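The lines below spell out each chain.
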Amino acid sequence: MEKAKVKVFFTGLKPDTPTWPYINYDYRKRAREIMELLRQNLSEVEFSETIAPSAEEAVREVKSDKDMDGYLIFLLSLWSNMSTEVVKLGRPTLLVDDLYGGSGEFLRAYSFVTKENLPVVGIASSNFQDVVDGVRLFSVMKQMRQSRILVVRDSKLDKEMLASVKETFGTEVIRITSEELNRYYQEADDKEAERWKEKWIAESLRVIEPTEEEIFKSARMHLALKKAMEEKGADAVTVDCLGLYYSDKLFAYPCLSFFQLNNEGSTGVCEADVDSTVTQLMLKYLTGRPGYVSDPVIDIGSGQIIYAHCVATNRVYGPEGLPNPYLIRSHSEDRKGASVQSLMPLGQTVTSVKVSVREKMLAIHQGKTVANVEEDKACRTKLAAEADVEKILENYNFDKFSWHRVTVYGDFRKQVLNLARLWGLKTIEEDRT
């Protein structure tokens, strides 16, 4: 991935001007200090800076930029008016108050931002990490623009949906058919597939329903998907698994392959769900952790939301994090094939997200994990979290977001909402609205 390119503007006034922070404040020295901190903490970003430009000069620079990924405006003093003129251009921007320096101008400019619903995130914090976290969002956006999603399905992809993904996120979506995937399956190396089969069995708590032959077929499917992703240059894959398997167009379910891809830091998603794939890819770049796509079940009686699916990771903290136990099970609905039941960590905050590409919207809620539910009905993995389920129920917009949600371990509400603002997405906080 290429580095994100970010331009930094610093406000500053001529000498002998009485204003905040104080007359003859050395804002150039302060700008150098900030740039040193930015470069120390964000080696993945390529910075350029302009100190104390006029509003006209700054606007001219932004308009002439061809390859800038984002802008950072540091308000070091009052009153330049530069910040308001730059944010009017509607480019992804972080607006930062250097406390006790540009506070009044920050509040004026950010009030304008919220009124006009511009793609600008405001940061007013004594903790410089908040600035670092904000700038990293430009890297997430850059990675999304350089990514490609592979969809395996026999019907053609909707052109309007493809255009919306490209326009909003810059991500390319391509398709192959089940026939093409099955060619990769037939070409898979049996010895390598045998190694994957043995690895999955050895690392599981136990195998319950599937035969070794069924797990071997899943291993060949994993090799097929890996090869397809490699040859198509894809960073994520999603398969119309239910439709194709039920119609005998797939030799095996891809569940164990998605399990492995997500554990390795790649992205595998069920049911040819492009919205969930975009969401999970975004969360991976943001957090370094795999998402868990699920069909949520709301239980008002217990105050829990249960995230249920037959595909799940067992490395919720990322490829280098500690694994959690898992069992190898059949796929739940038809009791065929092979999938996983992941017994995920409890007592942890989780953030659940879903992007609607068509609607240019994002839904989010949070909970605290409390149980791995043992219930024969529905999907194999069932992670229960305590949450404000009555509010989530009232705000669950099935028409716009469908059933799936993508859950990631950790508290990432602020970062996700800031990303949504930079992309111009309308947001729904399902547990707060």
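One numbering rule holds for all chains: residues counted from 1, following each sequence as written. It should be noted that, the model being predicted, local features are given only for residues of pLDDT at least 70 and side-chain atom pairs only at 80 or more, the latter also being counted only at that level, while totals for whole chains, interfaces and linings use all residues. Only hydrogens and water are removed before side-chain values are computed, so all heavy atoms of the structure are retained for them.

Draft legend 1. A look at the overall build of the protein chain. Here a helix means four or more residues in a row that DSSP labels H or I, a strand means two or more in a row labelled E, and each is numbered from the N terminus. Helix and strand counts for the protein chain stand at 15 helices and 18 strands. C-alpha atoms of the protein chain, sized along the principal axes, occupy 80 × 50 × 35 Å. The rule is simple: take the accessible area with a 1.4 Å probe, protein chains only, and divide by the maximum for that residue type; under 20% is buried, over 50% is exposed, in between is partly exposed. Among the 433 residues that make up the protein chain, the fraction classed as buried is 55%. Here the analysis covers contacts within the protein chain between residues at least 6 apart in sequence; of these, 73% occur between residues at least 24 apart. Values of accessible area rely on a 1.4 Å probe in the Shrake-Rupley scheme; residue burial ignores everything except the protein chains shown. When the accessible surface of the protein chain is summed, it comes to about 18,700 Å², and 47% of that surface belongs to carbon and sulfur atoms. Whether two residues are in contact is decided by their heavy atoms, any of which lying within 4.5 Å being enough.

Draft legend 2. Seen up close, the sheet that holds strand β7 (residues 172-176). At least two DSSP bridges between two strands are needed for those strands to be called paired. What the four strands build is an open sheet, ordered β7-β6-β8-β9; its pairing is parallel. Whereas interior strands pair on both sides, the edge strands pair on one side only; in this sheet they are β7 and β9 (268-269). Across four bridges, strand β6 (residues 148-152) lies against strand β8 (residues 236-239) in parallel orientation. When the bridges of β8 are listed, Val152 appears paired with Val239.

Draft legend 3. Structural context of the sheet that holds strand β5 (residues 120-123). One open sheet holds the five strands; their spatial order is β2-β1-β3-β4-β5, and the pairing between them is parallel. Edge strands, defined here as strands with exactly one partner in the open sheet, are β2 (45-51) and β5. Averaged over all neighbouring strand pairs, the angle between strand axes comes to 20 degrees, with direction disregarded. Bridge analysis of strand β3 (residues 70-75) against strand β4 (residues 93-97) gives five bridges, and the strand direction is parallel. Bridge assignment links Tyr71 to a residue of β4, and that residue is Thr93. Helix axes are fitted only over the stretch in contact, all axes being lines through C-alpha atoms; the angle between N-to-C directions runs from 0 to 180 degrees.

Draft legend 4. A look at the packing of aromatic side chains. The aromatic pairing rule takes the rings of Phe, Tyr and Trp, using the six-membered ring of Trp, and pairs them if the centres are within 6.5 Å, calling planes under 30 degrees apart stacked, those over 60 edge-to-face and the rest tilted. One pass over the full model with this rule turns up 10 aromatic pairs. Ring centres 5.2 Å apart and planes at 90 degrees place the aromatic pair Tyr22 and Tyr25 in the edge-to-face group. For Tyr22, a relative accessible area of 51% translates into the label exposed. Tyr25 gets classed as partly exposed once you look at its relative accessible area, which sits at 22%. Taken together, a centroid distance of 4.8 Å and an interplanar angle of 15 degrees make the contact between Tyr185 and Phe251 stacked. Taken together, the residues span a long stretch of sequence, with Tyr185 in helix α7 (residues 178-187) and Phe251 in the loop between α10 (241-246) and α11 (255-264) at a distance of 66 residues. Residue classification places Phe251 among the partly exposed residues on the basis of a relative accessible area of 37%. For a ring to carry a charge above it, either NZ of a lysine or CZ of an arginine must fall within 6 Å of the ring centroid while also lying within 35 degrees of the normal to the ring plane. The ring centre of Tyr396 lies 3.9 Å from the NZ or CZ of Arg405, which sits over that ring.

Draft legend 5. Representation of the environment of Arg148. Its place among the elements puts Arg148 in strand β6. Taking relative accessible area as the criterion, Arg148 reaches 26% and is therefore assigned partly exposed. Residues Arg148 and Arg421, 273 residues apart in the sequence, show an inter-C-alpha distance of 23 Å. Sequence-distant contacts of Arg148, that is, excluding residues within four places in its chain, are made with Thr171, Glu172, Ile174, Lys232, Gly233, Ala234, Asp235 and Ala236. The definition of a polar contact used here is a pair of N or O atoms within 3.5 Å, where within protein one atom must be able to donate a hydrogen and the other to accept one, and adjacent residues in sequence count solely through side-chain atom pairs. A distance of 2.9 Å separates polar atoms of two side chains, one belonging to Arg148 and the other to Glu172.

Draft legend 6. Quick look at the nonpolar core. The set of buried Ala, Val, Leu, Ile, Met, Phe, Trp, Tyr and Cys residues whose side-chain atoms join them within 4.5 Å is what this entry labels a nonpolar core. Leu38 and Val135 are the most contacted members of the largest nonpolar core, which has 60 residues in total. Beyond its immediate sequence surroundings of up to four residues, Leu38 is in contact with Val8, Phe47, Leu72, Phe128, Val131 and Val135.

Draft legend 7. Expanded view of the packing of helix α5 (residues 128-145) against helix α15 (residues 413-423). Two numbers describe how α5 lies on α15: the axes approach to 10 Å, and their chain directions differ by 55 degrees. What the angle tells us is that α5 and α15 run oblique. Judged by the twist between their axes, the crossing of α5 over α15 is right-handed. Here α5 contributes Asp130, Leu137, Phe138, Val140, Met141 and Met144 to the contact with α15, which in turn contributes Lys414, Gln415, Asn418, Leu419, Leu422 and Trp423. Each angle is binned into one of four classes, with values under 35 degrees roughly parallel, values over 145 roughly antiparallel, values of 65 to 115 roughly perpendicular, and all other values oblique. By definition, any crossing whose near helix is turned counterclockwise from its far helix by less than a right angle is left-handed, and any crossing with a clockwise turn is right-handed.

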